[in-house]
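So the chains spell out like this:
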Amino acid sequence: MSTPAESDLLARAVDLATANVAEDGGPFGAVLATADGQLFDGVNRVTSAHDPTAHAEVQALRAACAQLQTHELPGAVLYASCEPCPMCLASALWARVGRVVFAAGRDDAARAGFDDAAFYEYFETPGHRALLPTVQSRSAQAAAPFDAWRLHEGRTDY
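The structure presented is a predicted model; accordingly, all values stated were derived computationally and were not measured.

Undergrad: Tell me about unusual backbone geometry, residues and numbers included.
TA: The phi dihedral of Asp 24 falls on the positive side, at around 65°, and the residue is not glycine. Structurally, the position occupied by Asp 24 is in the loop between α1 (6-22) and β1 (29-33). Non-glycine residue Arg 96 carries a positive phi angle of around 65°. You can see Arg 96 is positioned in the loop between α4 (86-94) and β4 (99-104).

Undergrad: Give a detailed account of the sheet that holds strand β2 (residues 39-43), specifying residues and quantitative values.
TA: Sheet strands line up and pair through hydrogen bonds in the backbone, either parallel or antiparallel. Spatially, the four strands line up as an open sheet ordered β2-β1-β3-β4, and their pairing is mixed. Strand pairing shows two members of the sheet lacking a second neighbour, β2 and β4, which therefore form its edges. Pairwise comparison of adjacent strand axes, ignoring direction, gives a mean angle of 15° for this sheet. Each of β1, β2, β3 (77-82) and β4 touches α1; the most contacted strand, β1, lies at about 145° to it.

Reading guide: rules and limits
Residues numbered from 1 in each chain as written. Predicted model: local features only at pLDDT ≥ 70, side-chain atom pairs only at ≥ 80, totals over all residues. Heavy atoms only, no water. Helix = DSSP H or I, 4+ residues; strand = E, 2+ residues; numbered from the N terminus. Pairing = 2+ DSSP bridges. Axes fitted to C-alpha atoms, helices over the stretch in contact; angles between N-to-C directions. Contact = heavy atoms within 4.5 Å.

Below is the structure:
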């Protein structure tokens, strides 16, 4: 199976994003191309699904993983209509996606009211946790789930 040109896949992501606006979704679209050329689309459904994680990139990753019955997509390329937010980038990392290509940048999204600058800053500024404070409260049993994991012979590593 031959994969369409990169510019065509990026244009498809942009077209998905534009069409999604008319469907009451956010202006974001994504296409995931697997290493063997299979394509999976995703559009932003945050408000319609009442799910803050239903970003287009995550939706494409979910669709691919569900259909292919895997949790890893090595060699895949994620095409996004806009620069992925930190959550979407982290999701692509967890899925072992090989590369991400995007059209519009974070400044384009900010001009439309999607300003993720605070989220980028949260991860880019060491020690800066004012947006969402995090605190470790370690108990004697804190590592017990990991001990159980290491000892469980039937586990699926990831």
